[in-house]
Amino acid sequence: MKASRRRVIIDTDAKNEADDQFAIVHGLLSPTFDIRGLIPAHFGTRRSDRSMEESREEIDLLLDLMDLTGQVTVANGATTGIPDEQTPLDSPGARLIIEESKLASKDDPLFVAFLGPLTDMASAILLDPELVHRDVVVIWIGGRGYRGYATYPGIEFNLSNDIHAANVVFGSGMTVWQVPSDVYTKVSVSYAELEEKIGDAGPLGKYLIDQLVEWNEKCHGEPIESRSLGDSPAIALMLYPRSGDMRVRPAPRFGVDGWYLPGTDNPIQVCEQVDVRFLLEDMFAKIRRFARQRSTQ
């Protein structure tokens, strides 16, 4: 009998920008998800020398806002990228992935969504090579698009923080669903939309909006009144896999500049379009519903 809920781990560089927060909240508010754990991920050293710790602090803050402190497993990931394609970085996060993968089956697979680098997945594979034969679906928000659109002037950010890890995972033969930058950058919301949709959705809605506007004001150099919620397609694909248009491709390797190189013949699925209406409306509705339920308690 197929499981009634999807077993999910979310690995997130939660304090990197302002979009992880929306994806984390969306996942936690989705009743068909059995959240097996949240893994705080590093986001390199360009903006912080304690990025994983900052991700952990942000996860803890969100859990507090949602009255979930102590009710969701949080297992810290690696503090940096792996040094090469043979050397794992052991961490509670990598160990969580390994242990949960042992419980997976064809009718009840484990979905592991990566909203940042693939460090903890690659480390789990290197620590336990049998993992690649288990029923695990890796969903990764990362890598440049395959269709030639210039969505990034340089190397895509999530990939840049651990190219070695991406090569380990893409070369492993595991089931991989990739959401590249030409897709995830299209999940944009404006300040006006956020205010209309969740502006009155209690402390959680207020925090989500405020931290997004604050990030733009601090880090965005051009006039702007919007933000891409680029991590959220991972949640939509787990809620309803057919909400994404997926194309099967042979797994590439990644060069040091982030460009695709010939890889293996292992098939991966690349998301070429996601149902943004479904994604955003479901998220907004769940945040509003949470605020209503909390106000009556």
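It should be noted that the structure appears before, not after, this text.
### A look at the overall build of the protein chain
Looking only at helices and strands, the protein chain has 11 helices and 11 strands in total. For 297 residues, the compact-globule estimate of 2.2 N^0.38 gives 19 Å, and the C-alpha radius of gyration of the protein chain, at 18 Å, lies within 12% of that figure. In terms of its C-alpha atoms, the protein chain occupies a principal-axis envelope of roughly 50 × 45 × 35 Å. With 297 residues in all, the protein chain has 56% of them scored as buried. At a minimum sequence separation of 6, the contacts of the protein chain that also span at least 24 residues come to 78%. Of the roughly 12,900 Å² of accessible surface on the protein chain, a fraction of 49% belongs to carbon and sulfur atoms.

### Things to note about the pattern of salt bridges
Overall, the coordinates contain 17 salt bridges when judged by the stated rule. Note that Arg-7 is salt-bridged to Glu-100, the shortest N-O span being 2.6 Å. Residue Arg-7 is located in strand β1 (residues 6-12), and its partner Glu-100 is located in helix α3 (residues 92-101); the two are separated by 93 residues in the primary sequence. Here the two residues Arg-7 and Glu-100 agree in accessibility, since each one is buried. Each of the salt bridges in this network shares a partner with another, and the network as a whole consists of Arg-7, Asp-34, Arg-36 and Glu-100.

### Some details on the packing of aromatic side chains
Scanning the entire structure with this criterion turns up 7 aromatic pairs. Ring plane angle 65° and centroid distance 5.9 Å describe the contact between Phe-111 and Trp-177, whose orientation is recorded as edge-to-face. Of this pair, Phe-111 sits in strand β3 (residues 110-114) while Trp-177 sits in strand β5 (residues 175-179), placing them 66 residues apart in sequence. For the pair Phe-111 and Trp-177, a shared accessibility class is recorded, and that class is buried. Members of the aromatic cluster, each reached through a chain of ring pairs, are Trp-140, Tyr-146, Phe-170, Phe-254 and Tyr-260. We note Arg-144 situated over the ring of Trp-259; from NZ or CZ to the ring centre the distance is 3.8 Å.

### As for the environment of Met-246
Here Met-246 lies in strand β8 (residues 244-250). For the pair Met-246 and Gln-273, spaced 27 residues apart in sequence, the C-alpha to C-alpha distance is 7.6 Å. Beyond its immediate sequence surroundings of up to four residues, Met-246 is in contact with Trp-177, Leu-237, Gln-269, Val-270 and Cys-271.

### Brief notes about the nonpolar core
Ranked by internal contacts, the top residues of the largest apolar core, which has 60 residues, are Leu-28, Leu-38 and Ile-198. Apart from the residues lying within four places of it in its own chain, the contact partners of Leu-38 are Ile-10, Ile-24, Leu-28, Ile-59, Leu-63, Val-72, Thr-73, Val-74 and Ala-75. Listed in part, the 35 residues of the second largest apolar core include Ala-94, Ala-104, Val-132 and Phe-254.

### Observations regarding unusual backbone geometry
Phi is positive for Asp-67, close to 60°, though the residue is something other than glycine. In this structure, Asp-67 sits in the loop between α2 (51-65) and α3.

### A word on the packing of helix α8 (residues 191-198) against helix α11 (residues 276-295)
The description of two helices packed together rests on the angle between their axes and the distance between the axes. At a minimum axis distance of 9 Å, the contact between α8 and α11 shows a crossing angle of 45°. Taken together, the axes of α8 and α11 are oblique relative to one another. For the pair formed by α8 and α11, the contact residues are Glu-193, Leu-194, Lys-197 and Ile-198 on the first element and Leu-280, Glu-281, Phe-284, Ile-287 and Arg-288 on the second. Per-class residue counts for the contact of α8 with α11 are 5 nonpolar, no polar and 4 charged.

### Looking at the sheet that holds β1
Strands pair in a sheet through their backbones, by hydrogen bonds, and they do so in one of two ways: parallel or antiparallel. Here 7 strands make up an open sheet; going across it, the order is β2-β1-β3-β4-β5-β11-β8 and the pairing mixed. The open sheet is flanked by β2 (33-40) and β8, the only strands paired with a single partner. The mean angle between the axes of side-by-side strands here comes to 20°, regardless of whether they run parallel or antiparallel. As judged from the 5 bridges shared by strand β4 (residues 136-141) and β5, these two strands associate in the parallel manner. Across the sheet, residue Val-138 finds its bridge partner in β5, namely Val-176. Set on the sheet, helix α1 (residues 20-28) makes contact with β1 and β2; between it and β2 the angle comes to about 150°.

### Description of the environment of Asp-90
As for its placement among the helices and strands, Asp-90 is situated in the loop between α2 and α3. Since its relative accessible area comes to 48%, Asp-90 is described here as partly exposed. Separated by 68 residues in sequence, Asp-90 and Asn-158 place their C-alpha atoms 20 Å apart. What Asp-90 contacts, discounting residues up to four positions off in sequence, is Arg-95 and Leu-127. At 2.9 Å, the side chain of Asp-90 forms a polar contact with the side chain of Arg-95.

### Let's talk about the pairing of β1
Counting buried positions over the 7 residues of β1 gives 6, a clear majority of the element. As defined by bridge partners, β1 adjoins β2 across 7 bridges and the pair is classed as parallel. Paired with Arg-6 across the bridge in β2 is Phe-33. Note that the unit made of β1, α1 and β2 has a crossover that is right-handed. In terms of strand pairing, β1 meets β3 through 5 bridges, oriented parallel. Each residue of the ladder has a partner; that of Ile-9, found in β3, is Val-112.

Analysis parameters
Residues numbered from 1 in each chain as written. Predicted model: local features only at pLDDT ≥ 70, side-chain atom pairs only at ≥ 80, totals over all residues. Heavy atoms only, no water. Helix = DSSP H or I, 4+ residues; strand = E, 2+ residues; numbered from the N terminus. Rg over C-alpha atoms; globule rule 2.2 N^0.38 Å. Buried < 20%, exposed > 50% of the residue type's maximum accessible area, 1.4 Å probe, protein only. Contact = heavy atoms within 4.5 Å. Areas by Shrake-Rupley, 256 points an atom, 1.4 Å probe, with all protein chains shown as cover. Salt bridge = Lys/Arg side-chain N within 4 Å of Asp/Glu carboxyl O. Phe/Tyr/Trp six-rings, centres within 6.5 Å; stacked < 30°, edge-to-face > 60°. Lys NZ or Arg CZ within 6 Å of the ring centre and 35° of its normal. Core = buried A, V, L, I, M, F, W, Y, C linked by side-chain atoms within 4.5 Å. Axes fitted to C-alpha atoms, helices over the stretch in contact; angles between N-to-C directions. Parallel < 35°, antiparallel > 145°, perpendicular 65-115°, else oblique. Nonpolar A, V, L, I, M, F, W, Y, C, P; charged D, E, K, R; others polar. Pairing = 2+ DSSP bridges. Polar contact = N/O pair within 3.5 Å; in protein donor to acceptor, adjacent residues only side chain to side chain. Right-handed = clockwise from strand over helix to strand, strands pointing away.

Read these as layout, nothing more, since geometry by itself doesn't imply function.
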